[in-house]
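Observations on chain architecture
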Amino acid sequence: NGVWDSQLPLNSDGELELDRYATVQMALLSSRDYQNEVERLYASALTLSGNQFEFDVNWFGGSDTAFLAQSDGFNAIRNLRTVNQIGAVRNLAAGGQFATSLINSFTWQLGGAGPTNFSAGNILVSLTQPLLRGAFRHVRTESLTQAERNLLYSARDFARFRRQFYLTNVSAYLNLLNQAQSVRIDAENLSNLELSLEELNVLLERDLVSPIQVDQVFQQYQSGRISLINSQQSLETALDQFRF
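Here goes a summary of the coordinates provided. (Residues numbered from 1 in each chain as written. Predicted model: local features only at pLDDT ≥ 70, side-chain atom pairs only at ≥ 80, totals over all residues. Heavy atoms only, no water.)

So, the overall build of the protein chain
- Within the protein chain, the secondary structure is distributed over five helices and four strands.
- Computed over C-alpha atoms, the radius of gyration of the protein chain comes to 41 Å, more than 25% over the 18 Å expected from 2.2 N^0.38 for 244 residues, which places it beyond the range of a compact globule.
- When its C-alpha atoms are laid out on the principal axes, the protein chain stretches across 140 × 50 × 30 Å.
- For the protein chain, the proportion of its 244 residues judged to be buried stands at 23%. (Helix = DSSP H or I, 4+ residues; strand = E, 2+ residues; numbered from the N terminus. Rg over C-alpha atoms; globule rule 2.2 N^0.38 Å. Buried < 20%, exposed > 50% of the residue type's maximum accessible area, 1.4 Å probe, protein only.)

Structure, rendered in structure tokens:
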């Protein structure tokens, strides 16, 4: 979606202001790891639904119509036959299966001795129960029980992942604040060292301090510059990792 950024809660300057809550919300929307965990949990639920569906009443039905023409002239026969069927099948927890169906057929015969029609209906009921393979509840429902356990394990793993996910993202956000504060501290320290160096240079011109003292502060100033550069680099690295 090329306009996804237009849905972000931006301020008047077009910037996204982050706090701990906004950080977690943005992560929930854009994290691939979180999406994978959601889909893994959903897949476990689908597996359980499939196992539960085996023990539901499954309806079926249909209609079939056929037209048959034989011979020509006086002996011509034209038959129109339609068959309608509706039924249900249910698997039992003990391993058996109950099935029933209602079949109605209607036939119209044209030609021959004259037009005739007749109908017939049948009700079929069957009950099968294995006695050895696949019999009894603890065997037949094993796949359903395992699917329920897998979903429970997935839900627990997902709950644990959410806590870790929150901790990881909030820790990253707080680390950014810490890095930004380090940059501000190093910048303030460098500013103070620069003022001290300028003051010592003025005192050196008046022979009030020795060159060694000036060189020592100059070294501290250069070290402060390096420290500020390192802090800025660490902040940029942490920010890139945070974006990912």
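Anyway, onward from the coordinates.
Let's talk about the layout of surface pockets
- The space that makes up the largest pocket amounts to roughly 1,100 Å³.
- In terms of lining, the largest pocket is formed by 31 residues, of which the most central are Met26, Ser30, Phe242, Arg243 and Phe244.
- Among the elements of the structure, α1 (20–30), α2 (32–53), α4 (142–205) and α5 (211–243) are those that each provide at least two residues to the lining of the largest pocket.
- If you tally residues by element for the lining of the largest pocket, the top one is α4, at eleven residues.
- Here the residues of the lining of the largest pocket sort into 19 nonpolar, nine polar and three charged. (1 Å grid on protein atoms, 1.4 Å probe; cavity = no way out; pocket = protein on both sides within 12 Å on 5 of 7 lines; lining within 4 Å. Points joined across faces, edges and corners; volume = space filled by probe spheres on them. Nonpolar A, V, L, I, M, F, W, Y, C, P; charged D, E, K, R; others polar.)

Structural notes on α2
- In this model α2 runs 31 Å from its N-terminal to its C-terminal C-alpha over 22 residues, within 8% of the 32 Å that 1.5 Å per residue would give.
- The set of residues buried in α2 consists of Tyr34, Glu37, Ser44, Leu48 and Asn51. The buried side chains of α2 occupy one side of the element, clustering within an arc of 115° when seen end-on. Across α2 from its buried face, at more than 90 degrees, point the exposed residues Arg32, Tyr42 and Phe53. (Expected span 1.5 Å × (residues − 1). Arc of directions from axis to C-beta.)

So, a nonpolar patch on the surface
- On the surface, Val57, Trp59, Ile86, Phe98, Leu102, Ile123, Val125 and Leu127 cluster together into a nonpolar patch covering about 840 Å² of accessible area.
- Secondary-structure elements contributing two or more residues to the nonpolar patch are β3 (97–111) and β4 (116–128).
- If you tally residues by element for the nonpolar patch, the top one is β4, at three residues.
- The topology assignment puts Trp59 in strand β1 (residues 58–70). (Patch = residues over 30% accessible without salt bridge, like charges linked within 9 Å, V, L, I, M, F, W, Y side chains within 5 Å. Areas by Shrake-Rupley, 256 points an atom, 1.4 Å probe, with all protein chains shown as cover. Salt bridge = Lys/Arg side-chain N within 4 Å of Asp/Glu carboxyl O.)

These values are about where atoms sit, not about what they do.
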